[in-house]
2 protein chains.
Amino acid sequence: MHRTRVRVVEDALDANNTIARANRDDFDRSSTRVVNFMSAPGAGKTSLLERVLPELGGIRAGVLEGDVQGSMDADRLASLHVPVTQINTDAGFGGECHLDANMVRSALPSLPLADIDLLVIENVGNLVCPAEFRVGEDARVMVCSVTEGEDKPLKYPLMFRTCDLVLINKVDLLPHLEFDLDKLLYNLEAVHPGVDRMLVSARTGEGVDDWRDWLSALLEPVGAPA
Amino acid sequence: MHRTRVRVVEDALDANNTIARANRDDFDRSSTRVVNFMSAPGAGKTSLLERVLPELGGIRAGVLEGDVQGSMDADRLASLHVPVTQINTDAGFGGECHLDANMVRSALPSLPLADIDLLVIENVGNLVCPAEFRVGEDARVMVCSVTEGEDKPLKYPLMFRTCDLVLINKVDLLPHLEFDLDKLLYNLEAVHPGVDRMLVSARTGEGVDDWRDWLSALLEPVGAPA
């Protein structure tokens, strides 16, 4: 029973990877770089996008917005005049707690990929399953809020281990919390040694320039020095 | 393909409900009342348990601690001298993002049910899938932190709709946040009209007495006035 279950999971992940590669081919064909953007609920993904998208200069950005239900975040971002496409996982996808490659693939026809240099895929708020499903991204960025406690890298290691950048958000609240930033960084280093990390605040704008530069560097031609 | 998938999901939920009823029979047989305790990662479930468990007076409590990996929360609670049993969803359960009835069932032999009046099952931090799986509980309590924003009931409606009590945690931070409590309560009322709710702070202890009283009332004999 258990062995059957593991095989079903493995087959599903294999199928997902095949579709993710097809997505990636489409993204490469239109020279679109893609970020899979993940966090726990309420960590500040949408607020950070509201901050950084207007700062991207000549980079043409688009957003694929993943939610179980509704379009609240997509509505917020639409006012920034970037193309935003909503995926709801409860409409035809069984209310899934994450985006997978097939859901992203189903949304591609609604995206003007030829006119987008950078596509940010805002995943469902969840620190577990989104980390298991590649969707064809070039990079994974996750947000970890200081209000969530120092232990999160140890409790959700796959998410922290498979991301390329950790944005440590809400640092404006540090004076009001019993939060040990060194302990968080120690736990992060234990799980993913050397991973890029930035202290940011969507509220004050702290660190948003650094994040913008990191995103801009993603768009340098393949083969250019990092 | 899609219809097959929906049927697989329905079959899995049917099987889960069957096992949940078996768990419930075992809990009833030992007169143990059971709370399924849920929230997003870092909302403060363990901290609230650290506050309330020592206040329960003559009620004999136990905890079933669900995490993807590790036993950090169980270790914290063990110092309170209550029986704590750890379930890791990555050990034999594929790294699931929630507890299901079968995982809980597998842990029952490690719990001294005959000596426990109140069992709290601390679920994996996640606002989506834990709401889909009954585990044999009498009541569902969820924690929603004010740092997560006002929109969470609208974005994760199943979780808010299927719980019996919402603990609105970290209210000590309200002076430092741009958070509209009335808006959260309005959204909560839209999704689950009339649901019990309490303002609490695991840090200051605010509201913990009310929560203790709510838990104590759960243990009143079946058939007694609510």
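Here the structure is a predicted model, which is why all the values come from computation and not from measurement.

Here we take up the overall build of chain A. When helices and strands are counted, chain A shows eight helices and seven strands. Compactness check: chain A gives a C-alpha radius of gyration of 17 Å against a globular reference of 17 Å for 226 residues, within 12% of the reference. Counting only C-alpha atoms, chain A reaches 50 × 45 × 40 Å along its principal axes. Here chain A holds 226 residues, and 56% of them are scored as buried. Put simply, of all contacts in chain A between residues at least 6 apart along the chain, 75% involve residues at least 24 apart. Counting every atom, chain A has about 9,400 Å² of accessible surface; 51% of that belongs to carbon and sulfur.

Our focus in this paragraph is the sheet that holds strand β3 (residues 84-88) of chain A. All names here are of chain A. The seven strands lie next to each other as β3-β2-β4-β1-β5-β6-β7, forming an open sheet whose pairing is parallel. Either end of the sheet is taken by a strand with one partner, and the two such strands are β3 and β7 (196-199). Within the sheet, the average angular offset between the axes of one strand and its neighbour, ignoring direction, is 20°. Alignment of strand β2 (residues 61-67) against strand β4 (residues 118-122), held across five bridges, turns out to be parallel. Directly across from Gly-62, in β4, lies its bridge partner Leu-119. Where helix α2 (residues 45-52) meets the sheet, it contacts β1 (33-39), β4, β5 (139-145) and β6 (165-169), and its direction lies at approximately 140° from that of β1.

Turning chain B through 180° and shifting it by 0.0 Å along the axis lays it on chain A, with an RMSD of 0.0 Å. Seen this way, the second copy is the image of the first under a two-fold rotation axis. In terms of proximity to the rotation axis, the leading residue of chain B is B:Asn126, whose C-alpha is 3.0 Å off the axis.

Right, let's get into the sheet that holds strand β2 (residues 61-67) of chain B. In a beta sheet, neighbouring strands pair by backbone hydrogen bonds and run either parallel or antiparallel. Residues and elements named next belong to chain B. In spatial order, the strands read β3-β2-β4-β1-β5-β6-β7; together these seven strands make up an open sheet with parallel pairing. Each end of this open sheet is capped by a strand with a single partner; those strands are β3 (84-88) and β7 (196-199). Taken over all neighbouring pairs, the strand axes of this sheet differ in orientation by 20° on average, direction set aside. As paired strands, strand β6 (residues 165-169) and β7 are joined by four bridges and run parallel to one another. Paired with Ile-168 across the strands is Leu-199, a residue of β7.

Quick look at the nonpolar core now. Grouped together as the largest cluster of nonpolar side chains are 54 residues, with contacts concentrated most on A:Met142, A:Phe160, A:Val166, B:Met142 and B:Val166. Contacts of A:Met142, omitting those with residues within four sequence positions, involve A:Met38, A:Leu127, A:Met159, A:Phe160, A:Cys163, A:Leu165, A:Val166 and A:Leu167.

Residues and elements named next belong to chain A. Along helix α7 (residues 181-191), the residues that are buried comprise Leu-181, Leu-184, Asn-187, Leu-188 and Val-191. For α7, the angular spread of the buried residues around the axis is 125°, confining them to a single face. Seen from the open side of α7, the exposed residues pointing more than 90 degrees away from its buried face are Asp-182, Tyr-186 and Ala-190. Against β5, α5 (152-155), α6 (157-161), β6 and β7 lie the buried residues of α7. Two or three places before Asp-182, at the start of α7, stands the capping residue Asp-180, its side-chain oxygen 3.2 Å from that residue's backbone nitrogen.

Here we take up the interface of chain B and chain A. Tallying the contact residues gives 36 residues for chain B and 36 residues for chain A. For the interface between chain B and chain A, the tally reads six salt bridges. Between A:Lys155 and B:Asp67 there is a salt bridge, with its nearest N and O atoms 3.3 Å apart. Here chain B is connected to chain A by 13 residue pairs in polar contact (both at pLDDT 80 or more).

With that settled, the discussion passes to the pairing of β6(A). Along a regular strand, successive side chains alternate from one face of the sheet to the other. Residue and element names in this part refer to chain A. β6 sits mainly inside the fold: five of its five residues count as buried. Because side chains alternate across β6, one face comprises the buried residues Leu-165, Leu-167 and Asn-169, and the other comprises Val-166 and Ile-168, equally buried. Pairing between β5 and β6: five bridges, direction parallel. Counted as the bridge partner of Ser-145 is Asn-169 from β6.

What follows concerns the packing of aromatic side chains. Ring pairs (aromatic) are described by centroid distance and by the angle formed between their planes. Residues and elements named next belong to chain A. Evaluation of the coordinates by the stated rule reveals two aromatic pairs over all chains. Here the aromatic rings of Phe-37 and Trp-211 are separated by 5.4 Å at their centres, their planes lie at 25°, and the arrangement is stacked. Here the residue Phe-37 occupies a position in strand β1, and Trp-211 occupies one in helix α8 (residues 208-218), the gap between them amounting to 174 residues. No difference in accessibility class separates Phe-37 from Trp-211, as the two residues are buried.

Next up on the list: the pattern of salt bridges. The final tally for this structure, using the stated rule, is 34 salt bridges over all chains. Across the salt bridge formed by A:Arg24 and A:Asp28, the nearest N and O atoms sit 3.5 Å from each other. Remark: A:Asp28 and A:Arg24 occur in helix α1 (residues 2-29); sequence separation between them is four residues, near one turn of the helix. Given the relative accessible area of 29%, A:Arg24 is considered partly exposed. Of the charged contacts, one joins A:Asp209 and A:Arg212 as a salt bridge, the two residues approaching to 3.7 Å between their closest N and O atoms. Placement of both A:Asp209 and A:Arg212 in helix α8 is noted, with a separation of three residues, approximately one turn of the helix. Its relative accessible area of 22% is what places A:Arg212 among the partly exposed residues. Connected through shared salt-bridge partners, A:Glu50, A:Asp67, A:Asp73, A:Arg76 and B:Lys155 make up one network.

Thresholds, definitions, all that
- Residues numbered from 1 in each chain as written.
- Chains lettered and ligands numbered in written order.
- Predicted model: local features only at pLDDT ≥ 70, side-chain atom pairs only at ≥ 80, totals over all residues.
- Heavy atoms only, no water.
- Helix = DSSP H or I, 4+ residues; strand = E, 2+ residues; numbered from the N terminus.
- Rg over C-alpha atoms; globule rule 2.2 N^0.38 Å.
- Buried < 20%, exposed > 50% of the residue type's maximum accessible area, 1.4 Å probe, protein only.
- Contact = heavy atoms within 4.5 Å.
- Areas by Shrake-Rupley, 256 points an atom, 1.4 Å probe, with all protein chains shown as cover.
- Pairing = 2+ DSSP bridges.
- Axes fitted to C-alpha atoms, helices over the stretch in contact; angles between N-to-C directions.
- Least-squares fit on C-alpha atoms with pLDDT ≥ 70 in both.
- Core = buried A, V, L, I, M, F, W, Y, C linked by side-chain atoms within 4.5 Å.
- Arc of directions from axis to C-beta.
- Polar contact = N/O pair within 3.5 Å; in protein donor to acceptor, adjacent residues only side chain to side chain.
- Salt bridge = Lys/Arg side-chain N within 4 Å of Asp/Glu carboxyl O.
- Phe/Tyr/Trp six-rings, centres within 6.5 Å; stacked < 30°, edge-to-face > 60°.

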